[in-house]
Amino acid sequence: MCLAIFCTLCGCGSKNALKVMSSDGQIFATLKSDRAVRKNENKSYLEIAVDEAVKIIANLNKINEDEAKKLLYKGGYTVYTALETEVNQNLAKALSEKDGETDIAATVTDTQANIIAVYSTKKGNKGENFATATHRPCSSFKPLSVYAPAVDDGTINWSSRYEDSPYKYVKNLEGVMRPWPANSTEYYSERYVYIYQAIKESLNTAAVKCLADYGVNKSIEFLETNFNIPVSAEKIASKAKGADEVIGNIALGLLTNGVSTVDMAGYYQIFANSGKYEAPKTVVKICDNKGKTVYERQYSPKQVIKASTADILNQMLKEVVTKGGTGEKAKCEKVEVAGKTGTDDNGENNWFVGVTPEYSIALWHGESVKNNAAEYFGNAVNKIYENKTNFKRKFAYKGGLTKVAYCTESGKKFKAGCSFIRMGYYTRENVPGLCDRH
């Protein structure tokens, strides 16, 4: 992101207030206290930016955060943020129409981990910012905890198959044995389904069985090491009682400690950014009251999964927004969308997390009779792109994918004698062998 902003234009010389700038060089907040933050129309974004700036100043000056906050508010600092005003306004326009139906939150980042827009309903417990509040990610977590790492290490490929049947039987509260996990479809087809189908239809059975093959503890390590996701409770339980004790937590996103829309928007960057990840931030630069730059963010992402893995997952996640997918309503006519829904059993957490070629967007809404997150996401993306003229319409694939015909009966590479075929995406190293049924 290029910020052609001069300190003389932003008023860096002011000694008695904190000025906060958007990415286009406009002052969108002048602050002397937390009270001013709460009154600002961009409160949801501003809270994150101020909190981040406080931590930066505390670290730079080797002081505690209370002292850093006082210094920020009284020291005439200027904080430059990644806020894209038009995107933020359009996000709010699209989602504020749903205020009153349920609590809603969304975070938008670009592909270089800049938080460019945030929305949260104004209501809530003590004015809670739902964008930073943590919630169970449910099935929106599957691409991160199961499918991406399993594709990355070769455990599965596009046409790997799992039977849509129970993984095991467990006792319910009445002591009756019941099949587990349940599907959102409320039935088991008892047929083999391909990975892309499992993602498209959000089949819990395939996710759990795939994670069992990949390894629960491997997934925990992958999530901790690459994203710093709080899965310590699952790690402890797995060590004490065995991996099967927490396989549902990890495979189905039923985490003991939840994640926020800011977190999820950050994680999903890898599906639009060739597998690279950096924790998303609002602050780009900070100047002191003399205009001197005291902090400037450096983008240094980590390669979490291979570029080819990111491209394959992106292709799979695009299936979710096609006809018959759980996120069909997230589709945007002007730009490609790839993403995943997530819903818990009691309807308290409803998600759609997705990417376009330029953005990563995580949307959550609270208790509802049904998951409307894909629809809300679709409304938001359509609004964001409504008046855009210069943007990337399609994803650029850099991982060296190859498209191969496979037999639908075996999931292996098509050969003469196979009756039915489909096309799948593979890396050159992970193309399945020739069909062994025909």
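Residues numbered from 1 in each chain as written. Predicted model: local features only at pLDDT ≥ 70, side-chain atom pairs only at ≥ 80, totals over all residues. Heavy atoms only, no water.

### Notes on the overall build of the chain
Part 1 of the argument: When helices and strands are counted, the chain shows 14 helices and 18 strands.
Part 2 of the argument: For the chain, whose C-alpha radius of gyration is 23 Å, the value lies close to the compact-globule estimate of 22 Å for 438 residues.
Part 3 of the argument: Structurally, the chain occupies a C-alpha span of about 80 × 50 × 40 Å along its principal axes.
Part 4 of the argument: By residue count, 55% of the 438 residues in the chain fall in the buried class.
Part 5 of the argument: Restricting the contact set of the chain to residue pairs at least 6 apart, pairs at least 24 apart contribute 64%. (Helix = DSSP H or I, 4+ residues; strand = E, 2+ residues; numbered from the N terminus. Rg over C-alpha atoms; globule rule 2.2 N^0.38 Å. Buried < 20%, exposed > 50% of the residue type's maximum accessible area, 1.4 Å probe, protein only. Contact = heavy atoms within 4.5 Å.)

### Description of unusual backbone geometry
Part 1 of the argument: With omega at 0°, the peptide bond leading from W180 into P181 counts as cis.
Part 2 of the argument: Its identity is not glycine, yet S202 carries a phi of approximately 55°, on the positive side.
Part 3 of the argument: Within the secondary structure layout, S202 lies in the loop between α7 (195-201) and α8 (204-214).
Part 4 of the argument: Unlike most non-glycine residues, S274 shows phi in positive territory, near 55°.
Part 5 of the argument: In this fold, S274 is placed in the loop between α12 (261-267) and β10 (276-277).

### Considerations on the environment of D51
Part 1 of the argument: With respect to the helices, strands and loops of the structure, D51 is situated in helix α3 (residues 43-61).
Part 2 of the argument: Residue classification places D51 among the partly exposed residues on the basis of a relative accessible area of 38%.
Part 3 of the argument: Sequence separation between D51 and V294 is 243 residues; the distance between their C-alpha atoms is 17 Å.

### Some details on the sheet that holds strand β16 (residues 359-365)
Part 1 of the argument: Pairing is antiparallel in the open sheet, where five strands are placed in the order β5-β4-β16-β15-β14. Since the sheet does not close on itself, it has two edges, and those belong to β5 (115-120) and β14 (338-343), each with one partner. Strand after strand, the sheet turns through a mean of 5° between neighbouring axes, direction not considered.
Part 2 of the argument: Pairing of strand β4 (residues 104-110) with β16 involves seven bridges; the strand directions are antiparallel. (Pairing = 2+ DSSP bridges. Axes fitted to C-alpha atoms, helices over the stretch in contact; angles between N-to-C directions.)

### Structural notes on the confidence of the model for the chain
Low-pLDDT portions of the prediction should not be read for the details of their coordinates.
Part 1 of the argument: Of all residues in the chain, 96% attain a pLDDT of 70 or more, and the chain-wide mean is 93.
Part 2 of the argument: Here residues 1-14 scores under 50 on pLDDT; set against residues more than four positions off or in separate chains, the count is 39 contacts. (pLDDT = per-residue confidence, 0-100.)

### Quick word on the pattern of salt bridges
Part 1 of the argument: The final tally for this structure, using the stated rule, is eleven salt bridges.
Part 2 of the argument: One salt bridge connects K218 with D153, and the closest N-O pair in it is separated by 2.8 Å. With K218 in helix α9 (residues 216-227) and D153 in the loop between α6 (142-152) and β6 (161-163), the pair connects residues that are 65 residues apart, well separated along the chain.
Part 3 of the argument: For D153, a relative accessible area of 37% corresponds to the partly exposed category.
Part 4 of the argument: A salt bridge links K394 to E336, with the shortest nitrogen-to-oxygen separation between them at 4.0 Å. Of this pair, K394 sits in the loop between α14 (373-384) and β17 (401-407) while E336 sits in the loop between α13 (307-319) and β14; the two residues are 58 residues apart in sequence, bridging distant segments of the chain.
Part 5 of the argument: E336 gets classed as buried once you look at its relative accessible area, which sits at 16%.
Part 6 of the argument: A single salt-bridge network, built from bridges that share partners, covers K318, E336 and K394. (Salt bridge = Lys/Arg side-chain N within 4 Å of Asp/Glu carboxyl O.)

### Points about the pairing of strand β2 (residues 27-31)
Part 1 of the argument: Two elements, strand β1 (residues 18-21) and β2, share four bridges in a ladder whose sense is antiparallel. When the sheet's bridge partners are listed, V20 is paired in β2 with A29.
Part 2 of the argument: The antiparallel hairpin formed by β1 and β2 contains five residues in its connecting segment, where G25 sits at a positive phi of about 85°.

### Looking at the packing of α6 against α9
Part 1 of the argument: Where α6 contacts α9, the two axes come as close as 10 Å, and the packing angle between them is 100°. What the angle tells us is that α6 and α9 run roughly perpendicular. Mapping the contact onto sequence places L144, S145 and P149 in α6 and S219, F222, L223 and F227 in α9.
Part 2 of the argument: Across the contact of α6 with α9, the residue classes break down as five nonpolar, two polar and no charged. (Parallel < 35°, antiparallel > 145°, perpendicular 65-115°, else oblique. Nonpolar A, V, L, I, M, F, W, Y, C, P; charged D, E, K, R; others polar.)

### Description of the nonpolar core
Part 1 of the argument: Ranked by internal contacts, the top residues of the largest apolar core, which has 124 residues, are L144, Y147, F227 and F271.
Part 2 of the argument: Among the elements that make up this core, the one with the highest residue count is α3 (ten residues).
Part 3 of the argument: Residue contacts for L144: discarding those within four places in its chain leaves P149, F222, L223, F227, M264, Y267, Y268, I270 and F271. (Core = buried A, V, L, I, M, F, W, Y, C linked by side-chain atoms within 4.5 Å.)

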